[in-house]
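One letter stands for each residue in the lines below.
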Amino acid sequence: MWKKIIGIGAVAALTIGLTACGSDKANSDKDGSVGDSVHYKITGIDPGAGIMTATENAIKDYKLDDWQLVTGSSAAMTAALKKAYDKKEPIIITGWNPHWMFAKYDLKYLKDPKGVYGEAEEIHTIARKGLKDDHPTAYKVLSQFKWSEDDMGAVMLDIQEGTKPEEAAEKWVKNNNEKVAEWTKGAEKVNGENIKLAYVAWDSEIASTNVIGKVLEDLGYKVTLTQVEAGPMWTAIADGSADASLAAWLPLTHKTYAEKFKGKYEDIGTSMTGVKIGLTIPKYMDIDSIEDLK
Ligand code: PBE
């Protein structure tokens, strides 16, 4: 079993999120605008997430002057989505793929004709400088890690349905020997060396980090999963206080971080391609584009 450290920031963000959605009485007045129906609020996640920066840019670029992006957390956002969805009330959230919410609810992305949310994004694995020399086995596995949206989706859904992340990861690893064998190809076993993986409590990254944590543990590592906010996660890789992270979304989502820490980290692999971020709504809402929010 590995240790889990939860950053204070995550707890604070959750509290803010709960406060924000407590006062959120969406009122779907047929004659009013979409804005009126959701009180001009976009339900967001943790402030350090790239999708929050992208959404602030969308508010500017689409001139959504009356609109406000509400800060919270992934957990608070999905709770607000469930609450609205159950009553068929309107809600606009910051969504991304892969995410279990698209399997559980009928949702759609709002079209983004200005391309504020980028095109096809990728999930990258980033490592601290020197990891290759210090921990060649971990470096090898991390750089060979690659899976599909369906793979990640299975782990995410299992967790969402109540299985503990480390148990969901263990189950997936047990049932997917072939894939794991590809990641561990040529990796020699180690004897209790420490590896620290930093991640943010985004559902997608809880899944990937726990799975790789399990794979490294099976190779003999003592694995620590450190849960922090996005800024501290990038900082930890850059200053070497964490070894690696599976949570770098590029080229757009974490562009600001990638530029800020340029030359201070190593981009060692792409674990998934064709991922996406954007404003997301239930299909029963009758708008299609971010431009309809004006
Ligand atoms: N996400 C999930 C993150 C990256 C992974 C899309 C919420 C973000 O916006 O930074």
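Anything mentioned here points back to the structure above.
Described below are features of the structure shown in this document. All values derive from a computational prediction rather than experimental measurement.

1. Description of the site of the ligand
Point 1. Taken together, Ile-45, Ala-49, Gly-50, Ile-51, Trp-96, Trp-202, Ser-204, Glu-205, Trp-249, Thr-253, His-254 and Ile-277 are the residues near the ligand.
Point 2. Gly-50 is positioned such that a nitrogen or oxygen atom in its backbone is 2.6 Å from an oxygen atom of the ligand.
Point 3. For the ligand, an oxygen atom lies 2.8 Å from a polar atom in the backbone of Ile-51.
Point 4. Only α3 (50-61) and α11 (203-218) provide two or more residues apiece to the shell around the ligand.
Point 5. By residue class, the composition of the shell around the ligand is seven nonpolar, four polar and one charged.
Point 6. Counting contributing residues per domain, the shell around the ligand is built from domain 1 (7-119 + 277-293) and domain 2 (120-275), each supplying no fewer than three.

2. Things to note about the packing of aromatic side chains
Point 1. Within this structure, the stated rule accounts for 12 aromatic pairs.
Point 2. Ring centres of Trp-100 and Tyr-105 lie 6.4 Å apart, and the angle between their planes is 50 degrees; on these two criteria the pair is classed as tilted.
Point 3. For the pair Trp-234 and Tyr-257, a centre-to-centre distance of 6.1 Å together with 15 degrees between the ring planes defines the contact as stacked. With Trp-234 in helix α12 (residues 230-238) and Tyr-257 in helix α13 (residues 255-260), the pair connects residues that are 23 residues apart, well separated along the chain. Here Trp-234 matches Tyr-257 in class, with each residue buried.
Point 4. These aromatic residues form a ring-pair network of at least three members: Tyr-85, Trp-100, Tyr-105 and Tyr-284.

Calculation rules
- Residues numbered from 1 in each chain as written.
- Predicted model: local features only at pLDDT ≥ 70, side-chain atom pairs only at ≥ 80, totals over all residues.
- Heavy atoms only, no water.
- Near = heavy atom within 4 Å.
- Polar contact = N/O pair within 3.5 Å; in protein donor to acceptor, adjacent residues only side chain to side chain.
- Helix = DSSP H or I, 4+ residues; strand = E, 2+ residues; numbered from the N terminus.
- Nonpolar A, V, L, I, M, F, W, Y, C, P; charged D, E, K, R; others polar.
- Domains from an automatic or database assignment.
- Phe/Tyr/Trp six-rings, centres within 6.5 Å; stacked < 30°, edge-to-face > 60°.
- Buried < 20%, exposed > 50% of the residue type's maximum accessible area, 1.4 Å probe, protein only.

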